[in-house]
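The chain contents come next:
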Amino acid sequence: MIMSPETPAGDIVTAPPVYELSHVGKTYARNRVIALQDVSFTLRKGSFSSVIGSSGCGKSTLLKIMAGLIPPSTGRVVLQHKPVTGTRRDIGMMFQQATLFPWHTTIENIVLPIKIRDGRAAGQKAKFKARELLEIVGLKGFEDVYPNELSGGMAQRASICRMLITEPAVLLLDEPFSALDELSRDMMNMELQRICSTQNATAFLVTHSIQEAVILSDHVYVMAPRPGRLAEIVTIDLPRPRTLDMMTTPQFGAQVDYIRGLLDKGADL
Ligand SMILES: Nc1ncnc2c1ncn2[C@@H]1O[C@H](COP(=O)(O)OP(=O)(O)OP(=O)(O)O)[C@@H](O)[C@H]1O
Ligand SMILES: [Mg+2]
């Protein structure tokens, strides 16, 4: 289903499922910590979801399981009808710190996933697309510089291009912009929204910011700690496309207050 920019959040209910998690749990063997308990949900094509919860409630653990980086102790994760048993080409991931290789230029970093997957010639060919992506994120002219010449925000934008070059169906984002100042972060979030809606990508974002979760998401997954579990899925019914000035509206404020209330209740959830 191609979503028009004006598609209301409710319409994604009819989109096909992309991720299906059933009764996912994780106990780390080393310390017997129950990081996740009985987490079940479905993410639909083209939806944007955020997960929020106190430090240590299992957000990164959940993302790593969804990415196939670590196995769950219980339950099942299915992506595009196939069980997730390891890392996959249809998954794009991005972490808090940009992980560009300092000895490669920006454009070489971006085409690296293609080069590794399909060989040197394919990597060379992918430079055309890499240039397009760099232009989209405002990095035209920085193709041939090394990462130490980029600011934190620029490096994260280059990381977005590297994530997108393989055209993943799903984007898993673990606090990707938390190292940025507030202004750059707001701009990156709007950029992320635009990229996701253009590509009809399904996104799942870990964040500590309630505002960020509400302005970007169709659904906010609120987690509770000890043991880490899903407390509530809050539907955000603000119209799309979202704009930064929506953050001053009463509807936005009400959604933020509601989620803050859930988080304040914390372990009682
Ligand atoms: N590799 C590991 N081995 C053992 N325990 C771990 C491991 N990774 C995480 N944990 C434990 O699992 C729990 C959940 O950790 P996780 O990193 O998923 O939390 P988080 O919600 O992402 O926290 P934060 O908001 O601080 O990033 C914590 O109690 C943590 O100590
Ligand atoms: Mg984390």
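In this convention, every chain numbers its residues from 1, walking through the sequence in written order. Chain letters start at A and ligand numbers start at 1, both assigned in the order the entries are written. Selection of residues for local features in this predicted model requires a pLDDT of at least 70, selection of side-chain atom pairs for listing and counting requires 80 or more, and totals for whole chains, interfaces and linings are taken over all residues.

1. Some points on the nonpolar core
Soluble globular proteins tend to pack their nonpolar side chains together in the buried interior.
Reasoning step 1: What we call a nonpolar core is a set of buried Ala, Val, Leu, Ile, Met, Phe, Trp, Tyr and Cys residues whose membership is set by joining through C-beta atoms within 7 Å. Between the buried cut of 20 or more and the exposed cut of 12 or fewer other C-beta atoms within 10 Å of a residue's own C-beta lies the partly exposed class, and all C-beta atoms are placed from the backbone. Core analysis: the largest hydrophobic core is formed by 67 residues, its most contacted members being Met66, Ala130, Cys161, Ile165, Leu172 and Met223.
Reasoning step 2: Considering every element that reaches this core, the biggest residue donor is helix 5 (residues 152–164), with 6 residues.
Reasoning step 3: Split by domain, the residues of this core number at least three in each of domain 1 (9–90 + 171–268) and domain 2 (101–167).
Reasoning step 4: Residues in contact with Met223, not counting those within four places in the same chain, are Val51, Ile52, Gly53, Cys57, Gly58, Lys59, Gly228, Arg229, Leu230 and Ala231. Counting from the N terminus, the helices are the DSSP runs of H or I reaching at least four residues and the strands are the DSSP runs of E reaching at least two. Either an automatic procedure or a domain database provided the assignment from which the domain bounds are taken. Placing C-beta atoms from the backbone, we regard two residues as in contact once those atoms come within 7 Å.

2. Quick word on the site of ligand 1
Reasoning step 1: For each residue, a C-beta atom is placed from the backbone, and the residue counts as near a molecule or strand when that atom lies within 6 Å of it. Lining the immediate environment of ligand 1, one finds 14 residues, of which Tyr28, Ala35, Ser55, Ser60 and Thr61 sit closest.
Reasoning step 2: Mapped onto the shell around ligand 1, the elements with two or more residues apiece are strand 2 (33–44) and helix 1 (59–67).
Reasoning step 3: Broken down by element, the residue count for the shell around ligand 1 peaks at 3 residues, all from helix 1.
Reasoning step 4: Each residue belonging to the shell around ligand 1 can be placed in one class, and the counts come to 4 nonpolar, 8 polar and 2 charged. Classification used: nonpolar for Ala, Val, Leu, Ile, Met, Phe, Trp, Tyr, Cys and Pro, charged for Asp, Glu, Lys and Arg, polar for all others including Gly.

3. Things to note about the domain arrangement of the protein chain
Reasoning step 1: Per the domain assignment, the segments of the protein chain are domain 1 (9–90 + 171–268) and domain 2 (101–167).
Reasoning step 2: A straight line from the C-alpha centre of domain 1 to that of domain 2 covers 26 Å.
Reasoning step 3: The partner domain 2 presents 7 residues to the 10 residues of domain 1 that form the contact.
Reasoning step 4: With 4 residues, the single largest contributor to the side of domain 1 that touches domain 2 is helix 6 (residues 182–199).
Reasoning step 5: Along the lines of polarity and charge, the residues of the side of domain 1 that touches domain 2 split into 7 nonpolar, 1 polar and 2 charged.

4. What to know about helix 5
Reasoning step 1: Over its 13 residues, helix 5 extends 19 Å from the first C-alpha to the last, a length consistent with the 18 Å expected when each residue adds 1.5 Å.
Reasoning step 2: Counted residue by residue, helix 5 has 11 buried out of 13 residues, so it is predominantly covered.
Reasoning step 3: Along helix 5, the residues that are buried comprise Gly153, Ala155, Gln156, Arg157, Ala158, Ser159, Ile160, Cys161, Arg162, Met163 and Leu164.
Reasoning step 4: In the core, the buried residues of helix 5 are packed alongside strand 6 (91–94), helix 2 (106–118), helix 4 (127–136), strand 7 (170–174) and helix 6. Under the convention used throughout, the expected extent of a helix is 1.5 Å for every residue step, that is, one less than its residue count.

5. Here's the deal with the environment of Lys265
Reasoning step 1: The topology assignment puts Lys265 in helix 8 (residues 250–265).
Reasoning step 2: Take Lys265: there are 13 C-beta atoms within 10 Å of it, and that puts it in the partly exposed class.

6. Some points on the sheet that holds strand 5 (residues 82–83)
Reasoning step 1: Strand pairing follows a simple DSSP-based rule, namely that at least 2 bridges must link the two strands. Read across the open sheet, the 4 strands follow the order 2-1-4-5; overall the sheet is antiparallel. At either end of the open sheet lies a strand with only one pairing partner, and these are strand 2 and strand 5.

7. Notes on the packing of helix 2 against helix 5
Reasoning step 1: Here, axes are lines fitted to C-alpha atoms. For helices the fit covers the stretch in contact, and angles between N-to-C directions go from 0 to 180 degrees. One way to put it is that helix 2 packs onto helix 5 with a least axis distance of 7 Å and a crossing angle of 30°. Accordingly, the angle class assigned to the pair helix 2 and helix 5 is roughly parallel. Viewed along their axes, helix 2 and helix 5 form a crossing whose handedness is right-handed. Contact residues: Thr106, Asn109, Ile110, Leu112 and Pro113 in helix 2; Ala158, Cys161 and Arg162 in helix 5.
Reasoning step 2: Of the residues that constitute the contact of helix 2 with helix 5, the class distribution is 5 nonpolar, 2 polar and 1 charged. Oblique is the label for any angle not under 35 degrees, not over 145, and not in the 65 to 115 range, which are roughly parallel, roughly antiparallel and roughly perpendicular in turn. When the near helix sits turned anticlockwise from the far one by under a right angle, the crossing is termed left-handed; a clockwise turn instead gives a right-handed crossing.

8. Overview of the sheet that holds strand 9 (residues 219–224)
Reasoning step 1: With respect to topology, 6 strands assemble into an open sheet ordered 6-7-8-3-9-10, the strand pairing being mixed. Two strands lie at the open edges of the sheet, namely strand 6 and strand 10 (229–235), each paired on one side alone. On average, adjacent strands in this sheet sit at an angle of 20° to one another, irrespective of strand direction.
Reasoning step 2: Relative to strand 7, strand 6 runs parallel, the two being bridged by 4 bridges.

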